[in-house]
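# A look at the structure
Residue-level listing of the chains:
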Amino acid sequence: GQQVMQIPQYQHVQEGEDFTTYCNSSTTLSNIQWYKQRPGGHPVFLIQLVKSGEVKKQKRLTFQFGEAKKNSSLHITATQTTDVGTYFCAGPRNDYKLSFGAGTTVTVRA
Amino acid sequence: GAGVSQSPSNKVTEKGKDVELRCDPISGHTALYWYRQSLGQGLEFLIYFQGNSAPDKSGLPSDRFSAERTGGSVSTLTIQRTQQEDSAVYLCASRLQGSSGNTIYFGEGSWLTVV
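Values in this document were obtained by computation on a predicted structure and should not be read as measured data.

### Overview of the overall build of chain B
For chain B, the count of helices and strands is zero helices and 10 strands. Ordering the α and β elements of chain B from the N terminus gives β-β-β-β-β-β-β-β-β-β. For 115 residues, the compact-globule estimate of 2.2 N^0.38 gives 13 Å, and chain B sits close to it at 13 Å. The principal-axis extent of the C-alpha atoms belonging to chain B is close to 40 × 25 × 25 Å. Evaluated residue by residue, chain B yields a buried proportion of 49% over its 115 residues. Intrachain contacts of chain B at a sequence separation of at least 6 include 56% that bridge at least 24 residues. Of the roughly 5,400 Å² that chain B leaves accessible, carbon and sulfur atoms contribute 45%.

This is the structure in structure tokens:
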């Protein structure tokens, strides 16, 4: 079945640095969603990408959907302590079921 | 309410006991999901309800797990004869419609510890 893989599993970043986390699907996706879960919290929707090659920005976060619609990336510039958490990507497995990746857990050292 | 509401927020139970976890979705949301998240792990799909359609129970890990949704709103996840490996956060989520293009909204979760 369709699987969504995320790398890296852990990302330890120096405050102020940039980093990128990647999401790869074994099948073509109609859309991809990103969620953020703060430590001790619940996943919160960040963004959805639908079009091939789509790029969306939210302040210091840049999300991209691959041309083949099988991969996506999240790039964070000038990392801050507020960026700490686990970032999940999710792709639809069918009309209603979302398949979540295992997440990238981000920690920041000041 | 404004968001997905879950109760209890924390539950400690003895091995072998039954537990019930409750979810009150966002008003008007017809789709409801249960996910499980073990410590440091990703999100494991358990069950899906959409309106009056038969639920998708394909993610339930064993026959000790069951869920129901009454009146198309509140849902209860029941775990019978709990085991230590059932310890996890149980997340409920709702969505306006069943379409995968709509955002899923998660509740705060019910943290279950089986001792």
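### With respect to the sheet that holds strand 1 (residues 5-7) of chain B
Two modes of strand pairing occur in sheets, parallel and antiparallel, and in both the strands are linked by backbone hydrogen bonds. Residue and element names in this part refer to chain B. Pairing in this open sheet of four strands is antiparallel, and the strands run 1-3-7-6 from one edge to the other. Every interior strand has two partners, whereas the edge strands, strand 1 and strand 6 (65-69), have only one. Taken over all neighbouring pairs, the strand axes of this sheet differ in orientation by 15 degrees on average, direction set aside. The pairing of strand 1 with strand 3 (residues 19-24) spans three bridges and is classified as antiparallel. Looking at the pairing, Ser5 lines up with Asp24 of strand 3.

### Brief notes about the interface of chain A and chain B
Residue-level contacts link 20 residues of chain A with 23 residues of chain B. Roughly 1,700 Å² of surface becomes buried between chain A and chain B when both sides are summed, with 53% attributable to carbon and sulfur atoms. Interface area lost by chain A to chain B is led by His42(A), Tyr96(A) and Phe100(A), which between them contribute 35%. A salt bridge links Asp56(B) to Lys97(A); the shortest N-O distance between them is 3.2 Å. Across the contact surface, chain A and chain B share nine residue pairs in polar contact (both at pLDDT 80 or more). Secondary structure elements with two or more residues in the side of chain A that touches chain B: strand 4 (32-37), strand 5 (44-49), strand 9 (85-92) and strand 10 (98-100) of chain A. Here the element with the most residues in the side of chain A that touches chain B is strand 4 of chain A; it accounts for three residues. Of the residues contributing to the side of chain A that touches chain B, the split by class is nine nonpolar, nine polar and two charged.

### Re the layout of surface pockets
What the largest pocket holds in volume is close to 430 Å³. Taken together, 26 residues form the lining of the largest pocket, with Gln37(A), Gln37(B), Ser38(B), Leu39(B) and Gly40(B) sitting closest to its centre. For the lining of the largest pocket, the secondary-structure elements that each account for two or more residues are strand 9 and strand 11 (104-109) of chain A together with strand 8 (88-95) and strand 10 (110-114) of chain B. Per-class residue counts for the lining of the largest pocket are 11 nonpolar, 14 polar and one charged.

### Focus on the pattern of salt bridges
Tallied over the full model, the rule gives five salt bridges over all chains. Linking Lys56(A) and Glu54(A) is a salt bridge whose minimum nitrogen-to-oxygen distance equals 3.7 Å. Given the relative accessible area of 31%, Lys56(A) is considered partly exposed. Two residues, Arg36(B) and Glu44(B), come together in a salt bridge whose shortest N-O distance is 3.0 Å.

### A word on the nonpolar core
Core analysis: the biggest nonpolar cluster contains 20 residues, and Trp34(B), Leu46(B), Ile47(B), Leu77(B) and Tyr90(B) have the highest contact counts within it. Other than its neighbours up to four places away in sequence, Leu77(B) contacts Val19(B), Glu20(B), Leu21(B), Trp34(B), Leu46(B), Ser66(B), Ala67(B) and Tyr90(B). With 19 residues, the next largest nonpolar core counts Val13(A), Trp34(A), Leu74(A) and Tyr87(A) among its residues.

### What to know about the pairing of strand 7 (residues 61-65) of chain A
Residue and element names in this part refer to chain A. Across the five residues that make up strand 7, a large majority, four, are buried. Here four bridges tie strand 6 (residues 55-58) to strand 7, and the two strands are oriented antiparallel to one another. Of the residues in strand 7, the one forming a bridge with Val55 is Gln64. Here strand 6 folds back onto strand 7, and the loop between the two strands holds two residues, one of which, Lys59, carries a positive phi near 55 degrees. As judged from the five bridges shared by strand 7 and strand 8 (residues 71-76), these two strands associate in the antiparallel manner. If you follow Phe65 over to strand 8, its bridge partner there is Ser72. In textbook terms, the turn of a hairpin is the stretch between consecutive antiparallel strands, and for strand 7 and strand 8 this stretch comprises five residues, one of which, Lys69, has a positive phi near 55 degrees.

Reading the values: the criteria
Residues numbered from 1 in each chain as written. Chains lettered and ligands numbered in written order. Predicted model: local features only at pLDDT ≥ 70, side-chain atom pairs only at ≥ 80, totals over all residues. Heavy atoms only, no water. Helix = DSSP H or I, 4+ residues; strand = E, 2+ residues; numbered from the N terminus. Rg over C-alpha atoms; globule rule 2.2 N^0.38 Å. Buried < 20%, exposed > 50% of the residue type's maximum accessible area, 1.4 Å probe, protein only. Contact = heavy atoms within 4.5 Å. Areas by Shrake-Rupley, 256 points an atom, 1.4 Å probe, with all protein chains shown as cover. Pairing = 2+ DSSP bridges. Axes fitted to C-alpha atoms, helices over the stretch in contact; angles between N-to-C directions. Buried area = accessible area lost by both parts, 1.4 Å probe. Salt bridge = Lys/Arg side-chain N within 4 Å of Asp/Glu carboxyl O. Polar contact = N/O pair within 3.5 Å; in protein donor to acceptor, adjacent residues only side chain to side chain. Nonpolar A, V, L, I, M, F, W, Y, C, P; charged D, E, K, R; others polar. 1 Å grid on protein atoms, 1.4 Å probe; cavity = no way out; pocket = protein on both sides within 12 Å on 5 of 7 lines; lining within 4 Å. Points joined across faces, edges and corners; volume = space filled by probe spheres on them. Core = buried A, V, L, I, M, F, W, Y, C linked by side-chain atoms within 4.5 Å.

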